[in-house]
Amino acid sequence: MGVVPLAVVVLGLLALGLVWRHDQIAARRLRDRFLDGCRPLFEGGILTRGGTAYPTLRGRHRGRTVTVLPFVEALTPRKLPSLWLAMRLDGPTGAGGTLDVLMRPLGVEFYSPSAGLPHRIDPPPGWPDGAIVKCDDPEALPDGPALEAIGELLRDPRLKEVLVTPAFLRLVWQADEGDRSGYLLFRQARFAADRLDPRRLEDWLGRLHALDEAMRPEAPARAALRA
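The model shown is predicted, which means the values in this text are computed figures rather than measured ones.

Undergrad: Looking at this structure, how should I read the pairing of strand E5 (residues 99–103)?
TA: Walk down a regular strand and you will see the side chains alternate between the two sheet faces. Across the 5 residues that make up E5, a large majority, 5, are buried. Side chains Leu99, Val101 and Met103 project from E5 onto one buried face, and the interleaved Asp100 and Leu102 project onto a second face that is buried too. Sheet topology places E5 next to strand E7 (residues 131–135); 5 bridges connect them, and they run antiparallel. Within the sheet, the bridge partner assigned to Val101 lies in E7 and is Val133.

Undergrad: Please explain helix H4 (residues 198–214) as it appears in this structure.
TA: Owing to its 3.6 residues per turn, the α-helix aligns residues three or four sequence positions apart on the same side. Compared with an ideal rise of 1.5 Å per residue, which puts 17 residues at 24 Å, H4 spans 24 Å between its outermost C-alpha atoms and is within 8% of the ideal. Elements that come into contact with the buried residues of H4 comprise strand E2 (56–61), strand E3 (64–73), strand E4 (82–90), helix H2 (144–154), strand E8 (159–164) and strand E9 (168–177).

Undergrad: Just to check I follow, could you spell out the sheet that holds E5 for this structure?
TA: In sheet architecture, strand pairing relies on hydrogen bonds along the backbone and comes in two forms, parallel and antiparallel. One open sheet holds the 9 strands; their spatial order is E1-E2-E3-E4-E9-E8-E5-E7-E6, and the pairing between them is antiparallel. Each having just a single partner strand, strand E1 (43–48) and strand E6 (119–121) make up the two edges of the open sheet. Averaged over neighbouring strand pairs, the angle between their axes works out to 20° when direction is ignored. Sheet topology note: the E3/E4 ladder contains 8 bridges and is antiparallel. Residue pairing for E4: Val72 is matched across the bridge by Leu83.

Undergrad: In this structure, what is going on with the packing of aromatic side chains? I would like to understand it.
TA: Inspection of the entire model under this criterion finds 5 aromatic pairs. Centre to centre, the rings of Phe34 and Tyr54 are 5.3 Å apart; their planes meet at 70°, and the pair counts as edge-to-face. Within this pair, whereas Phe34 is found in the loop between helix H1 (3–32) and E1, its partner Tyr54 is found in the loop between E1 and E2, the two being separated by 20 residues in sequence. With a relative accessible area of 1%, Phe34 lands in the buried category. Judged by relative accessible area, Tyr54 falls into the buried class, the value being 7%. Taken together, Phe71, Phe110 and Tyr111 form an aromatic cluster joined through their ring pairs. Taking the ring centre of Phe168 as reference, the NZ or CZ of Arg88 above it sits at 3.9 Å. For the cation-ring pair, Arg207 lies above Trp204, with the distance from its terminal atom to the ring centre recorded as 4.0 Å.

Scoring rules and cut-offs
- Residues numbered from 1 in each chain as written.
- Predicted model: local features only at pLDDT ≥ 70, side-chain atom pairs only at ≥ 80, totals over all residues.
- Heavy atoms only, no water.
- Buried < 20%, exposed > 50% of the residue type's maximum accessible area, 1.4 Å probe, protein only.
- Helix = DSSP H or I, 4+ residues; strand = E, 2+ residues; numbered from the N terminus.
- Pairing = 2+ DSSP bridges.
- Expected span 1.5 Å × (residues − 1).
- Contact = heavy atoms within 4.5 Å.
- Axes fitted to C-alpha atoms, helices over the stretch in contact; angles between N-to-C directions.
- Phe/Tyr/Trp six-rings, centres within 6.5 Å; stacked < 30°, edge-to-face > 60°.
- Lys NZ or Arg CZ within 6 Å of the ring centre and 35° of its normal.

Spelled out as structure tokens, the structure:
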């Protein structure tokens, strides 16, 4: 290869590198603004940028400390990437142990404690198919109203996980699915939503609080689950 063609190739590679770098910076700026519109929902809301691809939002909502963490899961070769939103409400919750309900697991749910919990429980009647229920103590399961609230949550196909512990409650739900063309061609997880609609987050926060309230009913009825 002559000097001129080689120089053209080098310049072309440099140009591609600059375009890629510019694209990455622009994508990072978009991700950094993803939760900006949701901050007013919280008292003393604090956005923390850095450490993950998306910022973390933490503050008080209806008098309780809530943390919102978006994250990307793109580990399944034949499935488009998902943008998940984990919402954690700090306790105490009234739970006697840890209960995890994972919907349609694929074995790549790195964020879930399900695989490490020792006991698998049959889902109560009426819960949707595809629910994997695990716990650390079958004798410390939530009471009937809490299980009914969880079952109601599971009817939304966007919900991925319900985690109940003595210290906190957590919901994980799908905020968006990756763009097909960008992922198939470049293996890049790109999403249509640049910012999360505060109304969507407010709706899910209401569901999280409803579960919290169901954990402490006035007259609980123990649900029968089979270990």
